[in-house]
Amino acid sequence: MLTVEQVVASHKANLETLFGLTNKAFEGVEKIVELNLTASKAALAEANAHTQSMLSVKDAQELLALQSGLLQPLVEKTAAYSRHLYDIATSTSAEFSKNLEGQTADAQKKFMGLVDSAAKNAPAGSESAVAIMKSSVAAANNALESVQKAVKQATEMAEANFNSVAATATNATKQAAKKR
């Protein structure tokens with residue numbers, strides 16, 4: 001059975017994990033706020049420069065050239081911003097996943113220890129019940145590992161798709177700009 005010290009140690013470890021994850025979440029939010037402030041400052045400076053350029057335009061053709069020259073850098077900056085935002089979200093998510101996997105492995109090991117301890121103290125004739133319980137735990141562990149692998153593969157596929165879409169959008173904008 002569990003002792004008071006084991007319960008206290010478990011709660012302490014859970015609190016440390018909670019505070020660690022909370023700190024990681026705040027770090028992610030801080031990075032997003034920093035990214036947004038940097039992007040806002042850059043957008044404001046570019047808007048000022050663009051306004052100054054527009055005020056110095058002398059004819060319609062020069063205005064059209066100025067406007068068409070803005071499209072490609074805007075798409076590239078938007079793609080870079082999206083990529084940076086995605087990287088922040090991915091790294092924060094990876095920290096959570098890594099921690100969750102560690103916690104899950106530790107919980108599985110502790111639970112198996114409890115099952116083994118219960119099996120040792122089980123009355124005679126309960127071997128088949130203990131075997132069924134161990135088999136059920138092993139099946140649950142295998143199912144959990146399968147889900148974790150599927151989530152990891154889905155995340156990798158989503159990242160590859162994101163990179164592909166970003167590259168396609170940037171290339172399409174470059175091609176459109178060249179045709180003008």
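This is a predicted model, so every value here is computed, not measured. (Residues numbered from 1 in each chain as written. Predicted model: local features only at pLDDT ≥ 70, side-chain atom pairs only at ≥ 80, totals over all residues. Heavy atoms only, no water.)

A. Spatial organisation of the overall build of the chain. When helices and strands are counted, the chain shows three helices and zero strands. Taken over the C-alpha trace, the chain has a radius of gyration of 28 Å; the compact-globule value for 180 residues is 16 Å, which it surpasses by more than 25%. For the chain, the spread of C-alpha atoms along the principal axes amounts to about 100 × 35 × 10 Å. The buried share of the chain, taken over its 180 residues, is 10%. Intrachain contacts of the chain at a sequence separation of at least 6 include 74% that bridge at least 24 residues. Where the 18 positive side-chain charges of the chain centre and where its 18 negative ones centre are 5 Å apart. (Helix = DSSP H or I, 4+ residues; strand = E, 2+ residues; numbered from the N terminus. Rg over C-alpha atoms; globule rule 2.2 N^0.38 Å. Buried < 20%, exposed > 50% of the residue type's maximum accessible area, 1.4 Å probe, protein only. Contact = heavy atoms within 4.5 Å. Lys, Arg positive; Asp, Glu negative; His and termini not counted. Charge placed at Lys NZ, Arg CZ, Asp CG, Glu CD.)

B. Structural detail: the environment of Thr-38. For Thr-38, the location among the structural elements is in helix 1 (residues 4-55). Along the sequence, Thr-38 and Ser-135 sit 97 residues apart, while their C-alpha atoms lie 55 Å from each other. Looking at Thr-38, its side chain comes within polar contact range of the main-chain oxygen of Glu-34, at 2.9 Å. (Polar contact = N/O pair within 3.5 Å; in protein donor to acceptor, adjacent residues only side chain to side chain.)

C. Representation of helix 1 within the structure. The terminal C-alpha atoms of helix 1, which comprises 52 residues, lie 76 Å apart, in line with the 76 Å expected from a rise of 1.5 Å per residue. Among the residues making up helix 1, those that are buried are Thr-17, Leu-21, Gly-28, Leu-35 and His-50. (Expected span 1.5 Å × (residues − 1).)

D. Summary view of the pattern of salt bridges. Counted under the stated rule, the structure contains four salt bridges. Lys-77 is the salt-bridge partner of Glu-46, the closest N and O atoms lying 2.5 Å from each other. Taken together, the positions of Glu-46 in helix 1 and Lys-77 in helix 2 (residues 60-120) put the pair 31 residues apart, joining distant regions of the chain. With a shortest N-O distance of 3.1 Å, Asp-87 and Arg-83 are connected by a salt bridge. (Salt bridge = Lys/Arg side-chain N within 4 Å of Asp/Glu carboxyl O.)

E. Structural context of the side chain of Thr-17. Here Thr-17 shows up in helix 1. For Thr-17, a relative accessible area of 16% puts it in the buried group. Setting aside its immediate chain neighbours within four residues, Thr-17 contacts Asn-99 and Gln-103.

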